[in-house]
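One letter stands for each residue in the lines below.
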Amino acid sequence: MPGVAKQHVVFLGGPGVRYEEYLPPPQLAPWIAVYWRLTTEVDFDLRIPPDGCMDVIGGDVVGSFSRFGIASLEAGSVSRGIRFWPGGFPALFRIPADELLDLRVPIDEVAPRFRSLEHLAVDAPRPDPLVRAVVRASDVREVARESGYSERQLRRRVLAATGHSPKRLMRIARMQRLLLDGRGASWARSAVEHGYFDEAHMANDIRELVGATPHALLNKAVSSKCRDSLAA
């Protein structure tokens, strides 16, 4: 297994739930963000925020989430998967992401002739660079202006690559950055630093995407980490 990766999406686990990410081999790195492994010692309902990515889990393709999902995990279970960069799976498999949004489909149905990721990577195009530009941006018009594409063209390409409109992808990316960074000096300051109008805007936007405010999500995560450290 390749080396351990720096966590690039937020994980809302708890006591008895262990999540690890590993770097992909170099020849797959343009398309794959991480391989991951999730082990549980307790029954646990895991909240999964949207992240703009697609996964392969077991023999299934899991489309990008438009909103959070809940995975019910049994004690003693071990899950493994491959998480693709936003736009990575559609580029590698040449399948539009919007056809798989919020779906879990056997990979044999999506790609009946699939042999291996390495085989696909030999002549696959790289992920659409517009996706990375949108993920890093805060204004759709600015991305359109800098790229030379119209907003309509930008929307069509980003939908095909990720299943999301540029505006929703920006919201998801902003939410992920804020949850990864945490509260900071104050929630009000963090909200402004991440491009929200104010703390209320931040709380409402993240509640719509993840089903709870960042205060509740991260306070629970911090409490879980404290209990884990006390039990160690």
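Preceding this section is the structure that the text describes.
Rules used in this analysis
Per-chain numbering applies: the sequence of each chain, read as written, is numbered from 1 onward. Given that this is a predicted model, residues contribute local features only at a pLDDT of at least 70 and side-chain atom pairs are listed and counted only at 80 or more, while totals for whole chains, interfaces and linings are drawn from all residues. Side-chain descriptors were evaluated using all non-hydrogen atoms of the structure, hydrogens and water having been removed beforehand. Interaxial angles span 0 to 180 degrees and are taken between N-to-C directions of axes, which are lines fitted to C-alpha atoms, for helices over the stretch in contact. In this text, helices come from DSSP runs of H or I with a minimum length of four residues, and strands from runs of E with a minimum of two, each type numbered from the N-terminal end. An angle below 35 degrees is treated as roughly parallel, one above 145 as roughly antiparallel, one from 65 to 115 as roughly perpendicular, and anything else as oblique. Each crossing gets its hand from how the near helix is turned against the far one by less than a right angle, where anticlockwise is left-handed and clockwise is right-handed. Contacts are assigned to residue pairs with any non-hydrogen atoms lying within 4.5 Å of each other. Gly falls in the polar group here, along with every residue not listed as nonpolar (Ala, Val, Leu, Ile, Met, Phe, Trp, Tyr, Cys, Pro) or charged (Asp, Glu, Lys, Arg). Only protein chains enter the area calculation, which uses a 1.4 Å probe; residues under 20% of their type maximum are buried, those over 50% are exposed, and those in between are partly exposed. Note that the arc is defined by the directions from the helix axis to the C-beta atoms. Under this definition, polar contacts are N or O atom pairs within 3.5 Å; protein pairs additionally need one hydrogen-donor-capable and one acceptor-capable atom, and for neighbouring residues in sequence, both atoms have to be side-chain atoms. Being paired, for any two strands, means DSSP has found at least two bridges between them. Here, the term nonpolar core denotes a set of buried Ala, Val, Leu, Ile, Met, Phe, Trp, Tyr and Cys residues that are joined through side-chain atoms within 4.5 Å. Centres within 6.5 Å are what make two rings of Phe, Tyr or Trp a pair, Trp counting through its six-membered ring; a difference in plane orientation under 30 degrees is then read as stacked, over 60 as edge-to-face, and the rest as tilted.

(A) How the structure looks around the packing of helix H4 (residues 129-136) against helix H7 (residues 166-181). Packing of H4 against H7 leaves a shortest axis separation of 8 Å and a crossing angle of 55 degrees. Here H4 is positioned oblique relative to H7, judged by the angle of their axes. H7 is crossed by H4, and the crossing has right-handed handedness. Contact residues: Val131, Val134, Val135 and Arg136 in H4; Pro166, Leu169, Met170, Ala173 and Arg177 in H7. A class-by-class count of the residues in the contact of H4 with H7 yields seven nonpolar, no polar and two charged.

(B) Expanded view of helix H5 (residues 140-147). For H5, the set of buried residues is Val140, Val143 and Ala144. One side of H5 holds all its buried residues, which, seen down the axis, span an arc of 100 degrees. Facing away from the buried side of H5 by more than 90 degrees, the exposed set consists of Arg141, Arg145 and Glu146. For H5, the secondary structure elements touched by its buried residues are H4, helix H6 (151-162) and H7. Here H5 starts with a cap whose side-chain oxygen sits 2.9 Å from the backbone nitrogen of Arg141, and that cap is Asp139. Gly148 lies just past H5 and shows a positive phi near 85 degrees.

(C) Structural detail: the sheet that holds strand S5 (residues 60-62). Pairing in this open sheet of six strands is antiparallel, and the strands run S1-S2-S7-S4-S5-S8 from one edge to the other. Looking at which strands have only one partner, the edges of the open sheet turn out to be strand S1 (17-22) and strand S8 (104-106). Sheet twist, expressed as the average angle between the axes of neighbouring strands with direction ignored, equals 25 degrees. Pairing of S5 with S8, which is carried by three bridges, proceeds in the antiparallel orientation. Counted as the bridge partner of Val61 is Val105 from S8.

(D) Region of interest: the nonpolar core. Val61, Phe84, Phe89, Leu92, Phe93, Leu100 and Leu117 are the most contacted members of the largest nonpolar core, which totals 24 residues. Secondary-structure elements contributing two or more residues to this core are strand S2 (32-40), strand S7 (78-84), helix H1 (88-93), helix H2 (107-110) and helix H3 (117-121). Ranked by residues supplied to this core, first place goes to H1 with four residues. When residues no more than four places from it in sequence are discounted, the contact partners of Phe84 are Trp31, Ile32, Ala33, Cys53, Met54, Asp55, Val56, Phe89, Leu92, Phe93 and Leu117.

(E) Expanded view of the packing of aromatic side chains. Evaluated as defined, the whole model comprises six aromatic pairs. On the numbers, 4.5 Å between centres and 10 degrees between planes, the contact of Phe11 with Tyr19 is stacked. By relative accessible area, which is 21% here, Phe11 ends up partly exposed. When the ring of Phe93 is compared with that of Phe114, the centres are 5.4 Å apart and the planes differ by 35 degrees; the resulting orientation is tilted. Of this pair, Phe93 sits in helix H1 while Phe114 is found in the loop between H2 and H3, placing the two residues 21 residues apart along the sequence.

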